[in-house]
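Residue-level structural notes
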Amino acid sequence: MAVPQGVARAVIRFGSFEVDLRAGELRRHGSRITLQQQPFRVLALLLEHPGDVVTRDELRQAIWPGTAFGSFDEGIDATIHKLRTALGDSAEHPRFVETLPRRGYRFIAPVDAEAGPAPKRIPLALAGGLTVLAVVLLVLSAGGLRGRWPGRATSPRIHSIVVLPLGNLSGDPAQEYFADGMTEALITSLGRIAGLRVISRTSAMYYKGRHETLPEIARQLDVDAVVEGAVLRAGNRVRITAQLVEASTDRHLWAATYERDLGDVLALQDEVARAITDQVQSKLSPPPETRLGVHRRVNPEAYDAYLRGRYEWNAWTEPGLTRSVAYFEQALRQDSSYAAAWAGLSDAYHLLGLFGFLPQEVALPKVKATALRAIELDETLSEAHVSLSGVRLHLEWSWSATETELRRAIALDPNNAMAHQYYGYFLSALGRFDAAVAEMRRALELDPLSPNKLNSLAATFYRAGRYDEALRYFRAVPDPDANSETRHRRMAAIYERKHMHREAMAELQMALTLAGKQDIAAMVEREHRASGYAAAKEAFLRAGLSEAERRAENPYPRPLALDIAGDYALLGEKDKAFEWLDAAVRAREGVLMYLKVDDRFEALRSDPRFAALVRRLGFPP
């Protein structure tokens, strides 16, 4: 039945949804939909007055009482966007929440409810406030008002933070790259605050389109605070709405809106970051050091192309990286002095070479030229120093210069997860395993949802000979991914060292299965049943070598010569192993950095040719 205005309700139904005010839940077809507290409060207030216009001022007074807001009612746009996302609604063709420009919002769908006696009509803001209070009281057991009651700290301590993906308020899915780019820029700006742990983009973007509550996100990422908000781009104007929320309680701490021309977008990003920094600084002890700089104007077309390039680069696929090169070059045609675009181009060539999509002899000179140009224009770009570190090592084999670049990258941005990860790689290659593990742990703390960081920590334990710890972390990495075949081969090697041959064979079979080599897996299994583990392992290695050497005849991409050398070394064929090691050096394969700690080459280390190879690669004594 239709419910008259002013009726007290416990469960409200509309369409396929129902709202349980007592439980504080939104459900669809009986299944609970996660909705954060502020959007739920707004929904409850709109449902108190279906068909009525609820003004933005009334929403502000009811949901954010006592909060100082700017001229654009900061936070409301982002909250309405979240509510519409949960309901599958849209601003252009609303089924539930209608926007009345410059006035407010109205709930337009038919509403049914379990109703009680109608109370006396009271002012909308007060009615909404009472509804919100009821909902808030429901979550007290989860710490919903922590810090506001006597005996509780009223100023939360913030030592870690995540910037959730900014909402795209344009209504145009083609603008997602812009919202994602602004999210990444804000993460980078906040990452320059010493003493503050800022979750990296990879883990933050996991929550794009998801509806976990802020306390749930806080537990998953182990953070104290959350920045959330939205971006609206209209022509060459950009508006960012951002708010800072205490993560464990969903308590609103600060909100603001900023608007600039697109040409001033770099200054706009830092303005938002500075405002958040001001909020965080008072809650960090000692006060943090920040490195937010003064930015010049950027050509709007160049900035747009740069964001599109970063969007493609973050896919870490060959097509995405290739498209990112085109976009970064487009940005530089618009503005050849745009340092960030040079750094992006360097990053793209770096990964194209690292992942084997380009020969290193082609990629590395490009990485060097573009990284040096980026640093010449802006020495403070942490990511450019990371890219340059790869050049110093794999092109020049200068270990000291490599460490200098990596330490500089971390000093410029202590929250650059990739810089910590690469420094961990570098330290493990030199056998400095305790320091390497510490860097890999830091990378994982900054990017806790990244399988790649988890795998890198496990591989570091493996190289250090800490096999039980390696197994624990290897098992935690989900399959399949780009590292699956190598990961399961390493797990097999660990079990082999433990004389657990059944488990070792299972891991070899898994490596083959995940690589799509079912025919080889069947052959190896037959050999295992007929002749045992040693014979099956030899069959595994020889079948892999036969395929790899065929692929090595292709122009590009080719299998790593170092891996072919490693398999020959495991078979005891030293001459063939050194032949392929020489090929790896000629190709400047990055994995040669692990030569001294790669356990596949244990049998070669007493050979004079191995010592000569180590000298050739410039390893420190």
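So, here's what we can say about the structure. Since this is a predicted model, take the numbers as computed values, not measurements.

1. As for the overall build of the protein chain
- Across its full length, the protein chain carries 25 helices and 14 strands.
- By residue count, 54% of the 621 residues in the protein chain fall in the buried class.
- Within the protein chain, residue pairs in contact and separated by at least 24 positions form 62% of the contacts whose partners lie at least 6 positions apart.
- Surface accessibility of the protein chain: about 26400 Å² in total, with carbon and sulfur atoms responsible for 51%.

2. A word on the pattern of salt bridges
- Considering all chains together, one arrives at 49 salt bridges under this definition.
- Across the salt bridge formed by aspartate 468 and lysine 498, the nearest N and O atoms sit 2.8 Å from each other. Here the residue aspartate 468 occupies a position in helix H18 (residues 467-476), and lysine 498 occupies one in the loop between helix H19 (484-497) and helix H20 (501-514), the gap between them amounting to 30 residues.
- The partly exposed category is assigned to lysine 498, whose relative accessible area is 34%.
- Of the charged contacts, one joins arginine 542 and glutamate 573 as a salt bridge, the two residues approaching to 2.8 Å between their closest N and O atoms. Placement of the pair is arginine 542 in helix H22 (residues 533-551) and glutamate 573 in the loop between helix H23 (561-570) and helix H24 (574-586), with a sequence separation of 31 residues.

3. Details of a nonpolar patch on the surface
- Nonpolar side chains collect at one region of the surface, where Trp316, Leu354 and Phe355 lie side by side and expose about 240 Å² of accessible area between them.
- Checked against the element boundaries, tryptophan 316 lands in the loop between helix H9 (300-313) and helix H10 (318-334).
- Since its relative accessible area comes to 30%, tryptophan 316 is described here as partly exposed.

4. Here we look at the pairing of strand E3 (residues 25-28)
- In this sheet, E3 lies alongside strand E2 (residues 17-20) in antiparallel orientation, the contact comprising four bridges. Across the sheet, aspartate 20 pairs through a bridge with glutamate 25, a residue of E3.
- Turn length for the E2-E3 hairpin, with the two strands adjacent in sequence and antiparallel, is four residues, and the turn residue glycine 24 shows positive phi of about 65 degrees.
- As paired strands, E3 and strand E4 (residues 31-33) are joined by three bridges and run antiparallel to one another. Looking at E4, one finds that arginine 27 is bridged to arginine 32.
- In this antiparallel pair of consecutive strands, E3 and E4, the connection spans two residues, and histidine 29 shows a positive phi of 50 degrees.

5. Overview of the side chain of histidine 488
- Position of histidine 488 among the secondary structure elements: in helix H19.
- Residues in contact with histidine 488, not counting those within four places in the same chain, are Asp479, Glu507, Met510, Ala511 and Leu514.

6. Digging into the sheet that holds strand E6 (residues 97-100)
- Read from one edge of the open sheet, three strands run E5-E7-E6, paired in antiparallel fashion. Two strands in the sheet have a free side with no partner beyond their single neighbour: strand E5 (53-55) and E6. If you compare each strand with its neighbour and ignore which way they point, the axes differ by 30 degrees on average.
- Pairing geometry for E6 and strand E7 (residues 104-107), over four bridges, is antiparallel. Across the sheet, the residue bridging to threonine 99 is tyrosine 105, located in E7.

7. Observations concerning the packing of aromatic side chains
- Under the counting rule described, the total for this entry stands at 20 aromatic pairs.
- With a centroid separation of 5.8 Å and 40 degrees between ring planes, the pair formed by tyrosine 306 and phenylalanine 328 is classed as tilted. You can see tyrosine 306 sitting in helix H9 and its partner phenylalanine 328 sitting in helix H10, a full 22 residues away along the chain.
- Residue class for phenylalanine 328 comes out buried when judged on its relative accessible area of 0%.
- Summarising the aromatic geometry, the rings of phenylalanine 461 and tyrosine 473 are spaced 5.6 Å apart at their centres and angled 20 degrees between planes, so their arrangement reads as stacked. Highlighted residues: phenylalanine 461 in helix H17 (residues 451-463) and tyrosine 473 in helix H18, separated in sequence by 12 residues.
- Here phenylalanine 461 falls in the buried class, since its relative accessible area comes to 0%.
- Under the relative-accessibility criterion, tyrosine 473 is labelled buried at 17%.
- One aromatic cluster in this structure is built from Trp397, Trp399, Tyr423, Phe426 and Phe619.
- One Lys or Arg, arginine 310, reaches over the ring of tryptophan 313 and ends 5.0 Å from the middle of that ring.

8. What to know about the side chain of aspartate 335
- Residue placement: aspartate 335 occurs in the loop between H10 and helix H11 (339-354).
- The class of aspartate 335 is buried, set by a relative accessible area of 10%.
- For aspartate 335, the side chain forms a polar contact with the side chain of serine 337, separated by 2.8 Å.

9. Some words on empty space enclosed by the protein
- Inspection of every chain in the model, using the stated rule, returns three cavities of 30 Å³ or more.
- There is about 40 Å³ of room inside the largest cavity.
- Taken together, Gln36, Gln37, Gln38, Pro39, Thr79, Lys82, Leu214, Glu228, Gln243 and Asp250 make up the full set of residues lining the largest cavity.
- Put simply, the parts of the chain that give the lining of the largest cavity at least two residues each are helix H1 (37-48) and helix H3 (76-87).
- Class assignment for the residues of the lining of the largest cavity results in two nonpolar, five polar and three charged.

About the cut-offs
Residues numbered from 1 in each chain as written. Predicted model: local features only at pLDDT ≥ 70, side-chain atom pairs only at ≥ 80, totals over all residues. Heavy atoms only, no water. Helix = DSSP H or I, 4+ residues; strand = E, 2+ residues; numbered from the N terminus. Buried < 20%, exposed > 50% of the residue type's maximum accessible area, 1.4 Å probe, protein only. Contact = heavy atoms within 4.5 Å. Areas by Shrake-Rupley, 256 points an atom, 1.4 Å probe, with all protein chains shown as cover. Salt bridge = Lys/Arg side-chain N within 4 Å of Asp/Glu carboxyl O. Patch = residues over 30% accessible without salt bridge, like charges linked within 9 Å, V, L, I, M, F, W, Y side chains within 5 Å. Pairing = 2+ DSSP bridges. Axes fitted to C-alpha atoms, helices over the stretch in contact; angles between N-to-C directions. Phe/Tyr/Trp six-rings, centres within 6.5 Å; stacked < 30°, edge-to-face > 60°. Lys NZ or Arg CZ within 6 Å of the ring centre and 35° of its normal. Polar contact = N/O pair within 3.5 Å; in protein donor to acceptor, adjacent residues only side chain to side chain. 1 Å grid on protein atoms, 1.4 Å probe; cavity = no way out; pocket = protein on both sides within 12 Å on 5 of 7 lines; lining within 4 Å. Points joined across faces, edges and corners; volume = space filled by probe spheres on them. Nonpolar A, V, L, I, M, F, W, Y, C, P; charged D, E, K, R; others polar.

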